[in-house]
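Reading the structure
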Amino acid sequence: MPVVSLAKIAASPAVTAGDFTVRVPCIYGKRLVSSNRVSFGNSRRRSSVSHRVRSELQSPRVLGSVTDLSLDQSVENGHLPKGDSWAVHKFGGTCVGNSERIKDVADVVVSDPSSRKLVVVSAMAKVTDMMYDLIHRAQSRDDSYLSALDAVLEKHRATALELLDGDELASFSARLHNDINNLKAMLRAIYIAGHATESFSDFVVGHGELWSAQMLAAVVRKRGLDCTWMDARDVLVVVPNSSSQVDPDFAESEKRLEKWFSLNSSSKVIIATGFIASTPENIPTTLKRDGSDFSAAIMGALFRSHQLTIWTDVDGVYSADPRKVSDAVILKTLSYQEAWEMSYFGANVLHPRTIIPVMKYDIPIVIRNIFNLSAPGTMICRQIEDEDGYKLDAPVKGFATIDNLALVNVEGTGMAGVPGTASAIFSAVKEVGANVIMISQASSEHSVCFAVPEKEVRAVSEALNSRFRQALAGGRLSQIEIIPNCSILAAVGQKMASTPGVSATFFNALAKANINIRAIAQGCSEFNITVVVKREDCIRALRAVHSRFYLSRTTLAMGIIGPGLIGGTLLDQIRDQAAVLKEEFKIDLRVIGITGSSKMLLSESGIDLSRWRELMKEEGESANIEKFTQYVKGNHFIPNSVMVDCTAEADIASCYYDWLLRGIHVVTPNKKANSGPLDQYLKVRDLQRKSYTHYFYEATVGAGLPIISTLRGLLETGDKILRIEGIFSGTLSYLFNNFVGTRSFSDVVAEAKQAGFTEPDPRDDLSGTDVARKVTILARESGLKLDLDGLPVQSLVPKPLQACASAEEFMQKLPQFDEELSKQRQEAEAAGEVLRYVGVVDAVAKKGTVELKRYKKDHPFAQLSGADNIIAFTTKRYKEQPLIVRGPGAGAQVTAGGIFSDILRLAFYLGAPS
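Residues numbered from 1 in each chain as written. Predicted model: local features only at pLDDT ≥ 70, side-chain atom pairs only at ≥ 80, totals over all residues. Heavy atoms only, no water.

So, about the environment of Cys-538. Positionally, Cys-538 belongs in helix H17 (residues 538-550). Residue class for Cys-538 comes out buried when judged on its relative accessible area of 2%. The spacing of Cys-538 and Pro-639 is 101 residues in sequence and 9.3 Å in space, taken between C-alpha atoms. (Helix = DSSP H or I, 4+ residues; strand = E, 2+ residues; numbered from the N terminus. Buried < 20%, exposed > 50% of the residue type's maximum accessible area, 1.4 Å probe, protein only.)

The following block contains the structure:
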């Protein structure tokens, strides 16, 4: 059988019929070591290759060795010194992405004071992808693989021209062109076969590391250090395992390293290739994706180095993904186990297998940023303890998520106590090659659920239904349920095992963010707590738990309804206090929506409150309360949503139940909901009590006065309410505080209207309806089931004037009715009393009233001035001397302040530090 070189095949325009054998050269960097013989079968057509070609390409017959180093020979030129004298560095593709970055890497290597240094490098950025693309094009018989190979050549040639000169440049260029020619031949063979075996692919893709290592070694030599480069395939030996990964053969690798070092013992700096290795049969292979970190860890173990530094483009390991949690912090330390757990659950730390080699020798791993040398990075080592053996640092170190999962739930009464059910389930899953990420089983054995990647769930479902067809038909299994669109959230921390309350805090944070948990898993080691949540809730859940454990900002997505006098004042107060709240109290109030009756303004990142009025006019769109609600709730990046209703509209109040049901907190001064139809009030309060969604309405009764909270405090501590009596209207308080001497009531009303103390139509105040609403609210808070319609209310609007067409007409005719009130005032003064318009809740008689009453001049109600409110609580404890709450009960500033206080109370309840 004739022998044809790959170079001739690459040069020939087509393959002719007939049997032939191709000799595939194995190039290890600078030397041609041996060759592999691959037999090709006969073909009847010029542009196709028979099945025999493909089958033999899949099983190449290795006729030669990939190394010319005899492992049986004794070491003649020195023994490898192991231990603390060695520092191992690993630089990823981004770090050596271009000539300038390679120079920066060389600077880091030169500045390291360690006496001996081993540096592991990846291929230049994107080169590994380019090499895989070459294989894809060649086996697809796409002629563009040649131009793509030229691009690879040009990238490295141009980089070498910028870095090297003289003999170094000439030497590297020669090797580069020689490698490219051999790759061209190899790709031509793949092109002909239409297929590439794994060993062929590994041989091709590993060249990127060969070239970057040679260039970096040359640059380090230019800096004056004795430096050589190592083809890791001469040293690292790995064995394929059943999970499509490889396991290092440390015994064989140590032998080969000793042999390699005997020939290169003079070098104090070694630049080694990452990612690539050899099999025990001396066939080129790789450590698979992310294999360069693994290479560095194996090298660190082989050299027993004092430290392994992995250089990346981030400052260290974050407590959570900073793209999802803006307040994520760099962790100073992680234990090996913590890093292992976080990397398994998707955190950008290290591949879990990277940690295994260094753990054995307690070699710390430091993650550092090549672009920010001032950042100390994150050290991964054994858990640090103080002198008393106490484990330092927080119980939870970080949080990680995995998206695009589905939950598979297998349940049925026939599973309980039946040996082998779980084995049968997971055997079926294994047969379809699915990856089980999390398992949870109820102690009753009634159900088993587990999470798998969403792309694999269909095959899993079909396999389980096939395996358990008989059990399903017989009723032993009730269902095999697939729950799509899931994500995993994991909390990781080695100290969780010895800290009570961590799980409680974790689940409490999720509950308060209104996150529903689908499944839970926690090992007895307590290194992690894992939950499955809806995919759409994942980021909110992550932010909620991170905020609770790291005291990062508790963020509220806020929708403000009614930017009038009260709402506008509230927005200005939030604007003025925002910076202080963020810095001192870790509260971020993000107003993402403002809506009035005609226009609304929306902003996902938060509205600039310094110019919200201007933005409302310029960018406002037509108001739509449903769209507004969806926008506030639909922000998945902020865990907590709150609607602040600053209107007095019944239509808006009717939305509260739906908002609470959807997980939106409600803060309001609007009295319509709590004084409206009793059944609706009870429905809202019942929902609030049963959920983790909150409803705050302190400002409905006393503006900024703590009336609702005082009443609740009395009831919650076991006191019994006997009577609540008070002057609840700032307007009516002002009127009767100034209705003295010879002044007429109409004059006082006109003065109050001019000063802005009344509604535009004073009848709204004088009717007593506002006070009646407050009495109804307090009665209901006290446990009475009163209706507003059944409450006796003494109106101060004369009956003939109730039908006036306008406020102006009312004010014009009001003086005609001054005589009656003047007469009542004179009678009161004659008796040493004053007139006051009060609301009363008689809890004993289970009734409420609103009326004009007379009080002695030494009574607290007679001591008021201005527009102050006063409320007296007579209770079982405060029976002889009622508990008095007094202060301003009206005005935009104090009402907005009361609403603001409720918002902050909500933030503190949701986890902000108090």
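Now, onward.
Here His-156 lies in helix H5 (residues 145-163). For His-156, a relative accessible area of 0% puts it in the buried group. Within the structure, the side chain of His-156 is placed 2.9 Å from the backbone oxygen of Val-152, a separation counted as a polar contact. (Polar contact = N/O pair within 3.5 Å; in protein donor to acceptor, adjacent residues only side chain to side chain.)

The next thing to look at is the sheet that holds strand E29 (residues 721-727). Spatially, E31-E30-E29-E32-E33 is the arrangement adopted by the five strands of the open sheet, whose pairing is antiparallel. The sheet terminates laterally at strand E31 (847-856) and strand E33 (883-888), the two strands that pair on one side only. Averaged over all adjacent pairs, the angle separating strand axes in this sheet is 20°, with direction ignored. Looking at chain direction, E29 and strand E32 (residues 868-875) are connected through six bridges and run antiparallel. Of the residues in E32, the one forming a bridge with Ile-724 is Phe-873. On the sheet, helix H26 (residues 707-716) packs against E29, E32 and E33 and is oriented at approximately 10° with respect to E32. (Pairing = 2+ DSSP bridges. Axes fitted to C-alpha atoms, helices over the stretch in contact; angles between N-to-C directions. Contact = heavy atoms within 4.5 Å.)

Moving on: the sheet that holds strand E14 (residues 365-369). The mixed open sheet is built from eight strands, whose spatial order is E6-E9-E5-E4-E12-E14-E15-E13. Unpaired on one side and paired on the other, strand E6 (227-230) and strand E13 (333-335) mark the two borders of the sheet. Each strand of the sheet is rotated relative to its neighbour by a mean of 20°, with strand direction disregarded. Where E6 lies against strand E9 (residues 269-273), four bridges are found, and the strand directions are parallel. Following the sheet pairing, Cys-227 is matched in E9 by Val-269. Running at roughly 90° to E13, helix H11 (residues 336-344) makes contact with E13 and strand E15 (378-381) of the sheet.

Bringing the confidence of the model for the protein into the picture now. Chain-level pLDDT for the protein is 87 on average; 88% of the residues reach the 70-or-more range. Contacts from residues 1-77, a stretch scored under 50 in pLDDT, to residues over four places away or in other chains number 160 contacts. Every residue in residues 386-392 is under pLDDT 50, and counting partners more than four places away or in other chains gives 11 contacts. (pLDDT = per-residue confidence, 0-100.)

Across all of its chains, the model carries 46 salt bridges by this definition. With a shortest N-O distance of 2.5 Å, Glu-198 and Lys-288 are connected by a salt bridge. Pair noted here: Glu-198 is in helix H7 (residues 198-205) and Lys-288 is in the loop between strand E11 (284-286) and helix H10 (291-303), with a separation of 90 residues, a long-range link. Taking the shortest distance from any N to any O, the salt bridge between Arg-712 and Glu-781 comes out at 3.5 Å. Pair noted here: Arg-712 is in helix H26 and Glu-781 is in helix H30 (residues 769-781), with a separation of 69 residues, a long-range link. On the basis of relative accessibility, which here comes to 9%, the residue Glu-781 falls in the buried class. Several salt bridges converge on common partners, so that one network encompasses Asp-572, Arg-575, Asp-576 and Arg-613. (Salt bridge = Lys/Arg side-chain N within 4 Å of Asp/Glu carboxyl O.)

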